[in-house]
Every structure is written in structure tokens, then in C-alpha cells.
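# Fold and geometry: a report
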Amino acid sequence: MATIQNIKGMRDHLPQAMLLRQHIVATLQQVCERYGFDPLQSPVVEYAEVLEGKLGDDEKLIYRFEDHGGRQLALRYDQTVPLARVVAQYAGQLVLPWRRYAYGPSYRGERPARGRYREFYQFDADIVGSSSPLADAEIVALLCEALSALGFPDFVTMLNHRQLIGGIARTSGLDEAAAGGVYRAIDKFDKLGAAGVQEELLRSGVAPRAAEQILALVQIEGDAPAVLEELAARLANDERAVAAVANLRAISEALVGLGIPAERYTVAPRLARGLAYYTGLVFEAITPHWPEGSLLGGGRYDELIGQFAKRSIPTVGLAFGIDRLHDVMEQLGLGPQATGTAVAFVTIFGPEQTQASMALARELRAAGINTLLCLEPTTALGKQFKEADRKGARFALVLGPDELARDTVVLKDLRTGVQEHVERSSVSAKVRSS
RNA sequence: GUGCCUGUAGCUCAAUGGCAGAGCACCUGACUGUGGAUCAGGAUGUUGCGGGUUCGAGCCCCGUCAGGCACCCCA
């Protein structure tokens, strides 16, 4: 091994980072289960053909390889396509609608940057087998509660609909083929501004009048009902767009019913999403503290599972970007600030007191207290305290000759610096109640 | 995958082509049965890696690896 380093775009997560990441995952899991979702885990490796033909142009980013048996394999690109495979494969055993969550790494051969990695962790939640707008609303409500639970103060979920974007293109006199360029252009609105998008539209061959109309539609703003009303009026002669508006209206009304505050979501006609399998609702959550992109994204994909199963199974879901959530939360100082898992550090006064200290550590652990035991009985007490401090332990405990004689323990609170003699028999209760 | 920028001690960064440095962190001690604070001392580098130009390269050139930014796209 000539070079000691990790693969480009793939990271090691040291303990301090892992504590925050585990907090994020545990919180998401808790919220999902509160919504009645059940866990699923599938392999990181799939047959290449399972992933092919589902992602559009992004397919070139798939990690492919051949195994020792000559099988053409691929690392999963997301957890949505594997979900579709699982649903098709176990159709008889699953009770639809099926709500499931899944957590794990996915792989994309992209150029790494801040918030973009080649190995990245996603936490997915999907509702399989329902086309009801209540299903869409449940997913959006879940994500709002999850981001709130993580402590994000000011996120907004942007909602849009595939057929709304399509309707905007059609109403502007463009066919499906030209629509791709339109999606890409309007998606850059927040980055380029109106003038920039117009320039982009003209460059991709859109007529000036159509470009202006697209810009006007895309810039409609306000609360969800107002935006939808305006869109309904302007897209009245496009049947599919009208249906899309009605769908979004049903979803946003359901969000009201589910208790999601109005400032947490908005209908944003400018939101486009690249993944080819989306068919209806699409959404992203953004926060001003993360200008690089979205913290999570998702939507409805009613035809994807049908590519594996014999019939189409309507599904809506989302993926949280754990790495991005982690990066923003670290930047904002959200989440636990602990440097380690230990609460108590049991010192060893000297070789003669080793047995007594081990017994004390055992007792604390039995009481459910995360406890570090000193490993070098001959180490100066000062160094042991220093180790306790640097490991982030809240308490240091000392069992010296005096304490053993009086059947007490010295319990020092490293945060306040206050220490006291505690009855040997009440130590763990004392630590636990602090 | 394309273009641009960057890479020096554990971290943040200095060093006109001329002896590789500072702050923080780290280690030892002052210190008593006790961490953080203060003081005194100490250690630290194949300048990402490999070539080239030069009397001489951290600095210039080529390649490579990694990171960042833009494109593309997304979590």
C-alpha cells in the first residue's frame, strides 16, 4: 500500500462527527416510526441492469463493476430504485400501502465538492401503493416534523408538480422535446435571476414571447392557495396542468389538516428535479444556511415500480441527505455537542485500589451509566482527570484509601469543578440523577 | 466527466529561487490525592506524491493524487 488515504469523495467519519450523524439518524427514525413507517434494508450492490434505464442521463454516474463470476454489478445510486425492485420481488408478502424507511450509503461518480460526495448517506421514507394526495401530504408533513425535530429554525419546503412544469412549457407553445431545456433553465432561477434565465431560455431556442410567458409563470409567488389560484387561471387550457394544480391543492389542504404551519411550505413553479422517474409531486427543502443545494428531495413516482412488477404501483417518497444535514447542523451548532459517549470516568488511585475501582465501574455500568475505567493503575491522578476531561465525561470518581476506609466515593463534577464525598452505596443513583 | 484555484507541523497559516517558521494543539515539569487556568521547558516536517529546469526548488515546468469553486447534476 503506497498511499495512505481514502478514495476521492469518500470520507471517514471520526467519533465527534459520528455522534452528530447518529443523532440525526435516530431522530429521523423516531419521526418515521411515529408516522407508522417500518424499516427496510437492502444490499448496496445490485445487478447493473436493475439500475439501468431508470435514471436518464445520470446513468453515467453509476459505479459499475464485474464480480469474480463475471456478473455485471453496480453500487446503488439511490435507495429508490432498489425499493422498487424489492416491492416487485416481494409483492405477495407486503401489505399495501406500505410505509417504509431505509438508511444507508449510496454511490455516484461525481466530482466531489462541499455537500457532494461519491459515497453519501441517505435516509429514505416512502409510501408504496397509494396515489392519494394524503400520501403525498404525509411525506411532506413527515419531513417538516423531522427538520423541526433536528432544530432547523427556518427551512422551507418547495412544492411543484411535474405536469405543472409540463403545462408551463406546453402553454408557451413548446413540445415535450424542448421542455428539457426549459426545466434546466427555470431550475436555475434562484441562481441566475430572471434576466439570466431568460438568456438561458433564448439560447436553448425558445421564442422570445414564450420565454417571457414562462418567466411570468415561474415568478408567481405568495402562499400556496394564492399561487395555485393564479396558476389555475393562467394554465386553464392545459388539461394536465389543471389536474396538477388540483392535486397540489389537495396536498396543501391536507398539510393544513396535518398541522403543518403555512410558512413551512410553498408552491414553487420554478422547482425542477432531474431524476427521470418522477411523475407528479416533486419537492425540495431548502434553508438559507445551505446555499449549495437542497437538504433533501423527493416526489411521486407512479411508474417506476411498474418497470419491475407486472402492474404500476403508485409511490411517493423522499430522501434526506445525511451528509448535508450534518454539514449544516455542524455549521449552525445544532445537535449534541458531546465529544464522546462517556458520562463517568472511574480513576484508579493505585495498584492496590484496582479491584475496588473495577467493582465501582461495573456497578455504574449495571446502572446504565456510560462509564470509562482507567487502564493504567500507575498513572498519576492528574493525568487520569485530564483524560476524563478530554473524553468529555461529566464526572470523575476517585476511590482512594481514605474513601475505602470510610466507605465513600469522591464524585467530582468536571463541568462545575465541585466535588463531594458520596456514600458508596448511593453513588450510581447520585450520578444518574445529576 | 470539462474548466479554474489550492495543497507547508495534529489544526490555522507565514517563508524575493538561497539555513522551513509562528500561533493554537501536543508532551514534561512547577502542583499538594484532582482536569480546564497560569508559568517554565520540550518535541514536531520526505513542504501531498513522482519527475524535470537550476549551482540551488516550498516557490518555476510536466504528470499524478486529494480538496475547493464553476459547469453538469443532485442528497
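What you see is a predicted model; the values in this text were computed from it and never measured.

In this section: the confidence of the model for chain A. Confidence in the prediction of chain A, expressed as mean pLDDT, is 92, and 99% of residues score 70 or more. Least confident of the elements in chain A is helix 6 (residues 176–187), whose mean pLDDT is 77; most confident is strand 1 (residues 38–39), at 98. Taken together, the chains of this predicted complex give a pTM of 0.93 and an interface ipTM of 0.89.

The next point concerns the sheet that holds strand 11 (residues 315–321). Pairing in this open sheet of 8 strands is mixed, and the strands run 1-5-6-11-10-9-7-8 from one edge to the other. Strands with a single pairing partner mark the edges of an open sheet, and in this sheet they are strand 1 and strand 8 (265–267). As paired strands, strand 1 and strand 5 (residues 98–107) are joined by 2 bridges and run parallel to one another. Each bridged residue has a counterpart across the sheet, and for D38 the counterpart in strand 5 is R100. Sheet strands in contact with helix 3 (residues 80–89) are strand 5 and strand 6 (119–128), and its direction is about 45° off that of strand 6. Sheet strands in contact with helix 11 (residues 322–332) are strand 5, strand 6 and strand 11, and its direction is about 45° off that of strand 11.

Bringing the domain arrangement of chain A into the picture now. Split by domain assignment, chain A resolves into domain 1 (15–332) and domain 2 (344–433). Placing the centre of domain 1 and that of domain 2 at their C-alpha centroids yields a distance of 51 Å.

Turning next to the packing of aromatic side chains. By convention here, two paired aromatic rings are described through the distance between centres and the angle between planes. Taken as a whole and assessed by the stated rule, the structure comprises 6 aromatic pairs. For the ring pair F123 and F320, a centre distance of 6.3 Å and an interplane angle of 70° mean the geometry is edge-to-face. Taken together, the residues F123 in strand 6 and F320 in strand 11 connect sequence positions 197 residues apart. Taking 5.2 Å as the distance between ring centres and 65° as the angle between the ring planes, the aromatic pair formed by Y277 and Y278 counts as edge-to-face. Taken individually, Y277 and Y278 each receive the classification buried, so the pair is uniform in this respect. An aromatic cluster is built from Y101, Y103, Y121, F123 and F320, whose rings are joined through pairwise contacts. For R108, the ring lying beneath its charged end belongs to Y77, and the centroid distance is 4.0 Å.

Tracing the backbone through its elements, the reader meets R424 in the loop between strand 16 (419–423) and helix 15 (427–433). Here E363 takes part through its side chain, which lies 2.8 Å from a polar atom of the side chain of R424. Apart from residues no more than four positions distant in its own chain, R424 is found in contact with A359, L360, E363, D407, T408 and V409.

The grouping of K383, K386, R390 and K391 at the surface amounts to a positive patch. With relative accessibility at 52%, the residue K386 sits in the exposed group.

With respect to topology, 3 strands assemble into an open sheet ordered 2-4-3, the strand pairing being antiparallel. Because the sheet does not close on itself, it has two edges, and the strands there are strand 2 (45–47) and strand 3 (64–66). If you compare each strand with its neighbour and ignore which way they point, the axes differ by 40° on average. Where strand 3 lies against strand 4 (residues 72–75), 3 bridges are found, and the strand directions are antiparallel. Bridging across to strand 4, F65 finds its partner in L73.

Residues annotated by UniProt as "binding site: L-histidine" (unreviewed entry) correspond here to D78, Q79, T80, R108, Q122, D126, R273, Y277 and Y278. Secondary-structure assignment places D126 in strand 6. D126 gets classed as buried once you look at its relative accessible area, which sits at 1%. What D126 contacts, discounting residues up to four positions off in sequence, is F37, L83, W98, R99, R100, I139, Y301, T315, V316, G317 and L318. Along the chain, Y277 falls in the loop between strand 8 and strand 9 (281–286). Not counting residues up to four positions away in its chain, the partners in contact with Y277 are K54, L55, D78, T80, V81, R300, Y301 and L304. Only 2.7 Å separates the side chain of Y277 from the side chain of D78, close enough to count as a polar contact.

The rules behind these values
- Residues numbered from 1 in each chain as written.
- Chains lettered and ligands numbered in written order.
- Predicted model: local features only at pLDDT ≥ 70, side-chain atom pairs only at ≥ 80, totals over all residues.
- Heavy atoms only, no water.
- pLDDT = per-residue confidence, 0-100.
- Helix = DSSP H or I, 4+ residues; strand = E, 2+ residues; numbered from the N terminus.
- Pairing = 2+ DSSP bridges.
- Contact = heavy atoms within 4.5 Å.
- Axes fitted to C-alpha atoms, helices over the stretch in contact; angles between N-to-C directions.
- Domains from an automatic or database assignment.
- Phe/Tyr/Trp six-rings, centres within 6.5 Å; stacked < 30°, edge-to-face > 60°.
- Buried < 20%, exposed > 50% of the residue type's maximum accessible area, 1.4 Å probe, protein only.
- Lys NZ or Arg CZ within 6 Å of the ring centre and 35° of its normal.
- Polar contact = N/O pair within 3.5 Å; in protein donor to acceptor, adjacent residues only side chain to side chain.
- Patch = residues over 30% accessible without salt bridge, like charges linked within 9 Å, V, L, I, M, F, W, Y side chains within 5 Å.
- Areas by Shrake-Rupley, 256 points an atom, 1.4 Å probe, with all protein chains shown as cover.
- Salt bridge = Lys/Arg side-chain N within 4 Å of Asp/Glu carboxyl O.
- Lys, Arg positive; Asp, Glu negative; His and termini not counted.
- Charge placed at Lys NZ, Arg CZ, Asp CG, Glu CD.
- UniProt positions renumbered as here; feature names shortened; annotations may be inferred.

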